[in-house]
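Okay, here's what each chain looks like letter by letter:
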Amino acid sequence: MDSEKLRESIGKAWATDVLPSLSGLVEIPAVSPAYDAAWQENGQLRAAVEHVRDWVAARGLPGARCEVVQLDGRAPLLFVDVPATPGATAAGTVLLYGHLDKQPPLGDWSEGLGPWQAVIRDDRLYGRGAADDGYSGYAATTALEAVHEAGGEHARAVMLLETGEESGSPDLPAYLEHLADRLGEVSLVVCLDGGGGDYERLWLTSSLRGAVQATVTVRVLEASVHSGLGSGIVPSSFRVMRLLLDRLEDPETGEVKVPEMVVPIPEERRAEAAELVARHPDVAVPRLPVLPGMRRVSDDEVELVLNNTWRPTLSITGAAGLPDPAVAGAVLRDRTSLRLSFRLPPSADAEAARAALERILTTDVPYGAQVEVGEYMVMNGWHAPATTPWLASALRQVGDGVFGKPCQNLGIGGGIPFMEMLGRRYPQAQFVVTGALGADSNAHVPDEWLNIPFAVQVTEAVAHLLDAHARAAGPA
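The structure reproduced in this document is the subject of the present report. (Residues numbered from 1 in each chain as written. Predicted model: local features only at pLDDT ≥ 70, side-chain atom pairs only at ≥ 80, totals over all residues. Heavy atoms only, no water.)

The next thing to look at is the pattern of salt bridges. The final tally for this structure, using the stated rule, is 26 salt bridges. Close ionic contact of Arg359 with Glu260 constitutes a salt bridge, the shortest N to O distance being 3.4 Å. Taken as a pair, Arg359 in helix 11 (residues 350-362) and Glu260 in the loop between helix 8 (237-248) and helix 9 (267-279) lie far apart in primary sequence, 99 residues in all. Classification of Arg359 by relative accessible area gives partly exposed; the value is 44%. Several salt bridges share partner residues, and in doing so they unite Asp198, Glu200, Arg201 and Lys405 into one network. (Salt bridge = Lys/Arg side-chain N within 4 Å of Asp/Glu carboxyl O. Helix = DSSP H or I, 4+ residues; strand = E, 2+ residues; numbered from the N terminus. Buried < 20%, exposed > 50% of the residue type's maximum accessible area, 1.4 Å probe, protein only.)

The residue Leu437 is located in strand 19 (residues 437-438) in this model. Judged by its relative accessible area of 14%, Leu437 falls in the buried class. Sequence-distant contacts of Leu437, defined by excluding residues within four places in its chain, comprise Ala131, Asp132, Asp193, Gly194, Gly195, Gly196, Tyr199 and Ala443. (Contact = heavy atoms within 4.5 Å.)

A few words now on the packing of helix 1 (residues 3-26) against helix 3 (residues 44-57). In the contact formed by helix 1 and helix 3, the axes pass within 10 Å of each other and the chain directions differ by 165 degrees. One finds that helix 1 runs roughly antiparallel with respect to helix 3. In the packing of helix 1 onto helix 3, the handedness of the crossing is right-handed. Facing helix 1, whose interface residues are Asp17, Val18, Ser21, Gly24 and Leu25, helix 3 presents Ala48, His51, Val52 and Trp55. (Axes fitted to C-alpha atoms, helices over the stretch in contact; angles between N-to-C directions. Parallel < 35°, antiparallel > 145°, perpendicular 65-115°, else oblique. Left-handed = near helix turned anticlockwise from the far one by under 90°.)

Let's shift gears to the nonpolar core. Counting 70 residues, the largest nonpolar core has Trp14, Leu22, Leu96, Leu202 and Leu450 as its most contacted members. Among the nonpolar cores identified, the runner-up in size contains 43 residues, and Leu248, Val285, Leu314 and Leu410 belong to it. (Core = buried A, V, L, I, M, F, W, Y, C linked by side-chain atoms within 4.5 Å.)

The four strands are arranged 12-14-10-15 in an open sheet whose pairing can be described as antiparallel. Either end of the sheet is taken by a strand with one partner, and the two such strands are strand 12 (313-320) and strand 15 (370-379). Here the strands of the sheet are splayed against their neighbours by 20 degrees on average, with no regard to which way each runs. Bridge count for strand 10 (residues 210-219) against strand 14 (residues 335-344) is 10 bridges, and the pairing is antiparallel. Considered in strand 14, the bridge of Arg219 is made with Arg335. Lying over the sheet, helix 11 contacts strand 10, strand 14 and strand 15, oriented at roughly 170 degrees with respect to strand 15. (Pairing = 2+ DSSP bridges.)

Below, the discussion takes up a nonpolar patch on the surface. Judged by side-chain polarity, Leu288, Val290, Leu291 and Met294 come together as a nonpolar surface patch covering roughly 450 Å² of accessible area. In this fold, Leu288 is placed in the loop between helix 9 and helix 10 (301-309). On the basis of relative accessibility, which here comes to 60%, the residue Leu288 falls in the exposed class. (Patch = residues over 30% accessible without salt bridge, like charges linked within 9 Å, V, L, I, M, F, W, Y side chains within 5 Å. Areas by Shrake-Rupley, 256 points an atom, 1.4 Å probe, with all protein chains shown as cover.)

Let us look at the sheet that holds strand 18 (residues 430-433). Pairing in this open sheet of six strands is mixed, and the strands run 1-2-6-3-7-18 from one edge to the other. In this open sheet, the two edge strands, each paired with only one partner strand, are strand 1 (65-69) and strand 18. Looking at each pair of strands side by side, their axes are set apart by 15 degrees on average, direction ignored. Relative to strand 2 (residues 77-82), strand 1 runs antiparallel, the two being bridged by five bridges. Residue Glu67 lies in a different strand from strand 2, and its bridge partner there is Phe79. On the sheet, helix 4 (residues 130-149) packs against strand 2, strand 3 (93-99) and strand 6 (157-162) and is oriented at approximately 150 degrees with respect to strand 3.

Now for the packing of aromatic side chains. Tallying each qualifying case throughout the model produces six aromatic pairs. Judged by centre distance (4.4 Å) and plane angle (35 degrees), the rings of Tyr97 and Phe418 are tilted. You can see Tyr97 sitting in strand 3 and its partner Phe418 sitting in helix 13 (residues 417-425), a full 321 residues away along the chain. For the pair formed by Tyr97 and Phe418, the shared burial category is buried. With centroids separated by 5.4 Å and ring planes inclined at 50 degrees, the aromatic side chains of Trp382 and Phe431 adopt a geometry described as tilted. Taken together, the residues span a long stretch of sequence, with Trp382 in strand 16 (residues 382-383) and Phe431 in strand 18 at a distance of 49 residues. A single burial state applies to Trp382 and to Phe431, both of which are buried. An aromatic cluster is built from Tyr199, Phe403, Trp449 and Phe454, whose rings are joined through pairwise contacts. Directly above the aromatic system of Trp449 lies the positively charged group of Arg124, at a separation of 3.6 Å from the ring centroid. Sitting over the ring of Tyr376, Arg354 keeps its end group 4.9 Å from the ring centre. (Phe/Tyr/Trp six-rings, centres within 6.5 Å; stacked < 30°, edge-to-face > 60°. Lys NZ or Arg CZ within 6 Å of the ring centre and 35° of its normal.)

Spelled out as structure tokens, the structure:
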């Protein structure tokens, strides 16, 4: 394959074709179903899928078939099937994964920027979903095109872009079952929903955490009463909630106490964390906007990496029943609700963790208060399989030829439900979980942005991996 022609093709496609259409995708408010109860009526998820489908269909990939698939009551997805090139020798299918649903706008964006407004400044494309990860389908398609133009090869490739990832991918099992015969035997998975600590090399995700989210409501009264009348007689719902939270997490250390959420950390991942800190101290731990004087939970950076990738953590991400301080009267409130978000180790059983959480919160409740637990989102984590020789060699070549620096493995604190599902379904497949997200790309928060030159390099890397896979002798 002509590497120079490949690079030229990809750069031209991004500049003239990808960015205009990707900008149009940013402007579609395709909020994930978990954050838009009326997503079907609003039609924005469908609009996003059709927008990308029309672009892919117009590209003229030889033999490609593009189809919007939507099962009853489920969020749609885009399914693209591209036949293998004549010279491909590898067995199986390459599955290229991404998602088109987006997080909500969340907060105030900077002047001149907005969640549904595509803005290009200084090689950055701003807007919700640009980096997480609307670009993925465009990168995958462009990589396949460039392989053809540069005289390379690729095995049969299937692109699957879902619209429920930000909601925990609840519909994906049904779609995987529905599409099982059409997917075939997947031998390589390329996921472009990841990233790393900088924009200087290809970052490879070695593990992803799972999650359990739930809304917990504590009720102590049938109706709120004057605090002068009721306090000291009936415990506040907040105090009962605080006692329940102490069952789940040590308030001094942050250690999660739920046994089902804790697993032994594999020695190879401990070694990987130590290597990451030694080689890349500036990016091993995400650079966060910590306030002056605020301390991190540990001074040991290896432990911080493990905390963020292999240990369970609890975040309180929402609340109800608490009025704004400016209008908070002298009231003993009848209830308090909190949204609990646990990040789980990659190998923890998320359903077992969910069941344990419910049991702990609803058993022997202080003062006999009423506790309701619901609105669950449950997601298993993922642990990468060992890398085969052909892929290890290809990744070394990508590091040298595309980035000029070796690829780097790292664990990720977030999760991608699809990876665990595919890992169970295709245990012999190789996985390349990577992407253009950087630690400062602002995914999920205001001012999300995509590093355009880095996304172009990631696209080039994918093209090389497709060609290397196609030339691997026999099963991957």
